[in-house]
Amino acid sequence: MHHAYIFMADGMEETECLTIVDLLRRGGIDVTTVSVMKEKTVHSSHGVDIKADKKFKKVDFSDADLLFLPGGGLGVQNLYAHKGLRKLLKSANLEKTYLGAVCAGPSVLGKLGILKGYHVTCYPGFEDQLKGADATGEGICVDRHIVTGIGLGYCVDLGLKLVALLEGQAVSDKVKAKIQHPDCVGRIEIH
């Protein structure tokens, strides 16, 4: 079984976080949500309190196949401020563990110098923090072990891409069909 760790901080975009958690779990991936705050419960950017599975200092990340960073301006600042997380991301990058981030999340990787020479995407306005990366402006960008998304609107497809990378395209396609993804059931017409 593959293992993913999703990092949570006060000010994060809750839907970006939980959409990825949901889809990975549907794909059979063992997911642990990890608070980088003093408490397990984080206060999201839209006023939703969410309790993480564990606090950072209580986790052994040695089995990580994916480390994921949601966006949210304040959330990203809190993620980057965590010394242990910065060290973990640098180490995981050297081991070519999948690193995923969405919206403003890629800026954490950029500030750490991890994105130099990679094609990535991020929420518009954060490109200057991607330090040496080629910011494509695409909805989702996969370059080797770095997987990035531009924002919340792409999180379902981003989650499905992460499932495909970890568990295979067939598993991702099954999840896609079960959630009634528009690619499987047709487009919604609004009159």
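Fair warning: this is a prediction, and the values are worked out from it, not measured in the lab. (Residues numbered from 1 in each chain as written. Predicted model: local features only at pLDDT ≥ 70, side-chain atom pairs only at ≥ 80, totals over all residues. Heavy atoms only, no water.)

Within the chain, the secondary structure is distributed over 7 helices and 11 strands. Computed over C-alpha atoms, the radius of gyration of the chain comes to 16 Å, within 12% of the 16 Å expected from 2.2 N^0.38 for 191 residues, which places it in the range of a compact globule. Viewed in the frame of its principal axes, the chain has a C-alpha envelope of about 45 × 35 × 35 Å. Buried residues in the chain amount to 49% of all 191 residues. Within the structure as shown, the chain displays about 9300 Å² of accessible surface, and the carbon and sulfur contribution to it stands at 50%. Computed over 23 positive and 23 negative side-chain charges, the inter-centroid distance for the chain is 8 Å. (Helix = DSSP H or I, 4+ residues; strand = E, 2+ residues; numbered from the N terminus. Rg over C-alpha atoms; globule rule 2.2 N^0.38 Å. Buried < 20%, exposed > 50% of the residue type's maximum accessible area, 1.4 Å probe, protein only. Areas by Shrake-Rupley, 256 points an atom, 1.4 Å probe, with all protein chains shown as cover. Lys, Arg positive; Asp, Glu negative; His and termini not counted. Charge placed at Lys NZ, Arg CZ, Asp CG, Glu CD.)

Below, the discussion takes up unusual backbone geometry. Of note in this structure, Cys103 is not a glycine but carries a positive phi near 65°. Tracing the backbone shows Cys103 in the loop between strand S7 (98–102) and helix H4 (106–111). Backbone geometry at Gln180 places phi at a positive 65°, although glycine is not the residue there. Checked against the element boundaries, Gln180 lands in the loop between helix H6 (169–178) and helix H7 (182–185).

Phe7, Phe61, Leu67, Leu69, Leu85 and Leu89 are the most contacted members of the largest nonpolar core, which totals 30 residues. Those elements that provide at least two residues to this core are strand S1 (3–8), strand S6 (66–69), helix H2 (73–81), helix H3 (83–94), S7 and H4. The element contributing the most residues to this core is H3, with 4 residues. If near-sequence neighbours (up to four positions away) are discounted, Leu69 is found in contact with Phe7, Leu79, Leu85, Leu89, Gly100, Ala101, Val102, Gly105, Val108 and Leu109. Membership of the second largest hydrophobic core comes to 23 residues, among which are Ile20, Leu66, Leu162 and Leu166. (Core = buried A, V, L, I, M, F, W, Y, C linked by side-chain atoms within 4.5 Å. Contact = heavy atoms within 4.5 Å.)

Right, let's get into helix H1 (residues 14–26). Residues lying three or four places apart along an α-helix face the same way, a consequence of the helix completing one turn every 3.6 residues. For H1, which comprises 13 residues, the first-to-last C-alpha distance of 18 Å matches the rise-based estimate of 18 Å (1.5 Å per residue) to within 8%. Every buried residue of H1 is accounted for by Glu14, Glu16, Cys17, Thr19, Ile20, Val21, Leu23 and Leu24. At the exit of H1 stands Gly28, carrying a positive phi of roughly 85°. (Expected span 1.5 Å × (residues − 1).)

Turning our eyes to something else, we now look at the pairing of S6. Judged by which residues are buried, S6 turns out to be covered on both faces: Leu66 and Phe68 on one side and Leu67 and Leu69 on the other are all buried. By the bridge criterion, 3 bridges tie S1 to S6 in an arrangement that is parallel. Residue pairing for S6: Tyr5 is matched across the bridge by Leu67. Here S6 runs beside S7; their pairing, made up of 4 bridges, is parallel. Bridged to Phe68 within S7 is Gly100. (Pairing = 2+ DSSP bridges.)

Below, the discussion takes up the sheet that holds S1. Two strands in a sheet stick together by hydrogen bonds in their backbones, pointing the same way (parallel) or opposite ways (antiparallel). Taken in spatial order, the 7 strands of this open sheet run S5-S2-S1-S6-S7-S11-S10, and their pairing is mixed. Of all the strands in the sheet, the pair left with one neighbour each is strand S5 (54–55) and strand S10 (140–143). Along the sheet face, H1 touches S1, strand S2 (30–35), S6 and S7 and points at about 165° away from the line of S1. (Axes fitted to C-alpha atoms, helices over the stretch in contact; angles between N-to-C directions.)

Right, let's talk about the packing of H1 against helix H5 (residues 155–167) for a bit. Interhelical geometry of H1 versus H5 gives an angle of 40° and a closest axis separation of 9 Å. Here the hand of the crossing between H1 and H5 comes out right-handed. Listed contacts from H5 to Glu16, Thr19, Ile20, Leu23 and Leu24 of H1 are Cys155, Val156, Leu158, Gly159, Leu160, Leu162 and Val163. Of the residues in the contact of H1 with H5, the class split is 9 nonpolar, 2 polar and 1 charged. (Left-handed = near helix turned anticlockwise from the far one by under 90°. Nonpolar A, V, L, I, M, F, W, Y, C, P; charged D, E, K, R; others polar.)

What follows covers the pattern of salt bridges. Under the defined criterion, the tally for this structure stands at 4 salt bridges. Close ionic contact of Arg25 with Asp53 constitutes a salt bridge, the shortest N to O distance being 3.2 Å. Highlighted residues: Arg25 in helix H1 and Asp53 in the loop between strand S4 (49–51) and S5, separated in sequence by 28 residues. What makes Arg25 partly exposed here is its relative accessible area of 42%. For Lys176, the salt bridge goes to Asp183, with nearest N and O atoms at 3.0 Å. (Salt bridge = Lys/Arg side-chain N within 4 Å of Asp/Glu carboxyl O.)

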